[in-house]
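So the chains spell out like this:
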Amino acid sequence: MPRRLIQLFLGLVAYGLSMVLLVQAGLGLMPWDVLHQGIALQGDWPMGRVAIVVGFAVLLAWIPIRQRPGFGTVCNVVVIGLVFDAAMAWIGGALADLTLPARVGLLAGGIVLNGAATAAYIGARFGPGPRDGLMTGLARRTGWSVRLVRTLIEGGVLLAGFLLGGSLGLGTLAYALTIGPLIQRMLLLFNRPPRPRAASVA
């Protein structure tokens, strides 16, 4: 349990930091962050707080599909947004005016860190994130494939975020093409089965 808790929170912190890297790269965000950024720009709100509010709104959508949140689900909603806002306030404009190669490096690092972070909090087995749970819950209730449900959800999120002014670019495409294989490989490291308990000596 202690190892799983440490893995959960390290994964959530790393996820928030990966969001910062993608924002600072300025080459396009992951689909849900396009929406978060678009809403933040419209209301002049911190993007991390917007992510928290959207996360709780997504949890409300779990009710009709009878999806149950876990401890990690609630932590996911709160911790990632707080880490993002804190890191953005700390970094400020330190990563502004970077060259294109440096921005590409930030993008690549952000995607890899996001894949590792996602695998870490999933592998901790404390419940899915709100957006992942919505996807799997809808797939279960409708009988549609997870791939189709994810495409529909993220396509709608991307469109809404783009119309609100969110950053859509080559980085968004790179994320969409690479994040699945990255998470799958990283899960081999983080999703270790629990060790069987040693038989007690009579």
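Now for a quick tour of the structure. Please read all numbers here as calculations on a predicted model, not as lab measurements.

1. Some remarks on the packing of aromatic side chains
Applying the stated criterion across every chain yields a total of 3 aromatic pairs. Arranged with centres 6.3 Å apart and planes meeting at 75°, the rings of Phe 9 and Phe 71 form a pair that is edge-to-face. Of this pair, Phe 9 sits in helix 1 (residues 2-25) while Phe 71 is found in helix 5 (residues 71-91), placing the two residues 62 residues apart along the sequence. When its relative accessible area of 45% is taken as the criterion, Phe 71 is described as partly exposed. Every member of this aromatic cluster is reached through a ring pair, and the members are Phe 9, Phe 71 and Phe 126. One residue, Arg 4, lies across the ring of Phe 126, its end atom 4.3 Å from the ring centre. Sitting above the plane of the Trp 32 ring, Arg 131 keeps its charged end 5.2 Å from the centroid.

2. So, the pattern of salt bridges
When the charged atoms of two side chains with opposite charge come close together, those side chains can pair. Applying the stated criterion to the full structure yields 1 salt bridge. Salt-bridge contacts for Glu 154 lead to Arg 150; the nearest nitrogen and oxygen are separated by 3.2 Å. With Glu 154 and Arg 150 both in helix 8 (residues 146-163) and 4 residues apart, this pair spans about one turn of that helix. With a relative accessible area of 31%, Arg 150 lands in the partly exposed category.

3. Examining helix 2 (residues 31-43)
For helix 2, built from 13 residues, the straight-helix expectation of 18 Å at 1.5 Å per residue is met to within 8% by its first-to-last C-alpha distance of 19 Å. Those residues of helix 2 that fall on the buried side of the exposure criterion are Pro 31, Trp 32, Asp 33, Val 34, Leu 35, His 36, Gln 37, Gly 38 and Ala 40. If you follow the buried residues of helix 2, they end up packed against helix 1, helix 3 (47-60), helix 7 (130-142), helix 8 and helix 9 (170-190). Following helix 2 by one or two positions, Asp 44 has its phi on the positive side, about 55°.

4. Notes on a nonpolar patch on the surface
On the surface, Leu 159, Phe 162, Leu 163 and Leu 168 cluster together to form a nonpolar patch covering roughly 420 Å² of accessible area. Looking at the secondary structure, you find Phe 162 in helix 8. The exposure class assigned to Phe 162 is partly exposed, which follows from its relative accessible area of 46%.

Cut-offs and rules
Residues numbered from 1 in each chain as written. Predicted model: local features only at pLDDT ≥ 70, side-chain atom pairs only at ≥ 80, totals over all residues. Heavy atoms only, no water. Phe/Tyr/Trp six-rings, centres within 6.5 Å; stacked < 30°, edge-to-face > 60°. Helix = DSSP H or I, 4+ residues; strand = E, 2+ residues; numbered from the N terminus. Buried < 20%, exposed > 50% of the residue type's maximum accessible area, 1.4 Å probe, protein only. Lys NZ or Arg CZ within 6 Å of the ring centre and 35° of its normal. Salt bridge = Lys/Arg side-chain N within 4 Å of Asp/Glu carboxyl O. Expected span 1.5 Å × (residues − 1). Contact = heavy atoms within 4.5 Å. Patch = residues over 30% accessible without salt bridge, like charges linked within 9 Å, V, L, I, M, F, W, Y side chains within 5 Å. Areas by Shrake-Rupley, 256 points an atom, 1.4 Å probe, with all protein chains shown as cover.

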